[in-house]
Amino acid sequence: ISEPNEFDIMLVMPLARIQLDESDDTGAFYYVSFKRTPKEKGLLKFVDEDGKLSAFKMLQALREIIKQEVKNIKDVEVTVARKKVGSPAITLQIKNPPSEISVDIILTLEVQQSWPLSTQGGLKIEQWLGTKVRRDMRCRSLYLVAKQNKMEKVLRGNTWRLSFSHIEKDLIKNHGNSKTCCESDGPKCCRKGCLKLLKYLLEQLKTKYPKELEKFCSYHVKTAFLHSCVMWPNDSEWHLGDLDHCFQQCLGFFVDCLQKSQLTHFFIPQYNLLSLEDKARHHFLSRKISHELNNGFPVFHE
């Protein structure tokens, strides 16, 4: 948020006719197998002995391709960062004064089929953006990213996690209850400002308490923000001049989630993003945020 030095790029691979099997009860992680032999025969070498498409094997192969390609880049200094355990991204560091840029390349499968059952009760945007928008969004492709499920009995690295980042981007871009919100000649709201402040606050607190807050990421506040948009669906509740009030309202909701250790995934209602075994961390963050709220956000001025 403070400086544009991190970028995410989804490397999308379209797949036809696949079968998804849940790998646990979150409704977010799946095993992928082919219903019939794929047209791209090259994909078969990534299928493991159980007939499942291995995210681990595909990421490894992609990593090798990227490492080779990076050697051909002459005019800029680019390196492939060391592998982060359990991360679906291959990270490129681009050295270029005044600052270093990191680019995450995320291997993503795109499937043209209906969303899994676990998403049925999610995306509760009817009051906010309308039933038609929700229906249109649910007709869009399904994305799966190569992400290891830590809850798997045997860690094989062949799980994929549902990803809705393309839909989230749209929700944040076309966020108005009225269609003209934030258009050039329409009324302006403070929704995006709120999201930026939420991300910035977490970023600052993570810098200050890296160890205690390592499990938290901007996705937690993004999810809390989307739930806030549903709770306060009208543009009149997000006037541009009310930024401080709206920001504190969103924060209040997030603190509430932390205290209960319950933050529901926006698209998968059975999936709680705050694991119950991390209660102490949740309470730590909620105390720090409450302190900021009650003292005029000292961390912003440090």
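Residues numbered from 1 in each chain as written. Predicted model: local features only at pLDDT ≥ 70, side-chain atom pairs only at ≥ 80, totals over all residues. Heavy atoms only, no water.

Per an unreviewed UniProt entry, the protein chain carries the name CGAS synthase and comes from Mohoua ochrocephala. The Sequence similarities (unreviewed entry) comment attached to the protein chain in UniProt states, word for word, "Belongs to the mab-21 family." (UniProt positions renumbered as here; feature names shortened; annotations may be inferred.)

Of the pairings in the sheet, the one linking strand β2 (residues 18–22) to strand β3 (residues 29–34) comprises five bridges and is antiparallel in character. Paired with Glu22 across the two strands is Tyr30, which belongs to β3. In this structure, the hairpin formed by β2 and β3 is closed by a connection of six residues, where Gly27 is found at a positive phi of approximately 80 degrees. (Pairing = 2+ DSSP bridges. Helix = DSSP H or I, 4+ residues; strand = E, 2+ residues; numbered from the N terminus.)

Another aspect to go through is the UniProt feature "domain: Mab-21-like HhH/H2TH-like" (unreviewed entry) in the protein chain. Feature annotation in UniProt places "domain: Mab-21-like HhH/H2TH-like" (unreviewed entry) on residues 190–290, given in this structure's numbering. Annotated as 61% helix and 0% strand, the span residues 190–290 places its first and last C-alpha atoms 22 Å apart.

Moving on: the packing of aromatic side chains. The way to describe two aromatic rings as a pair is by their centre distance and the angle between their planes. One pass over the structure, following the stated rule, counts eleven aromatic pairs. Each residue in the set Trp115, Phe164, Phe266 and Phe267 is aromatic and connected to the rest through ring pairs, giving one cluster. Its guanidinium or amino end placed over the ring of Tyr31, Lys52 lies 4.9 Å from that ring's centre, counting from NZ or CZ. (Phe/Tyr/Trp six-rings, centres within 6.5 Å; stacked < 30°, edge-to-face > 60°. Lys NZ or Arg CZ within 6 Å of the ring centre and 35° of its normal.)

For helix α2 (residues 131–138), every residue scored as buried is listed here: Arg134, Met137 and Arg138. Angularly, the buried residues of α2 cover 95 degrees about the axis, an arc narrow enough to put them on a single face. Where α2 is buried, its residues meet α3 (165–173). (Buried < 20%, exposed > 50% of the residue type's maximum accessible area, 1.4 Å probe, protein only. Arc of directions from axis to C-beta. Contact = heavy atoms within 4.5 Å.)

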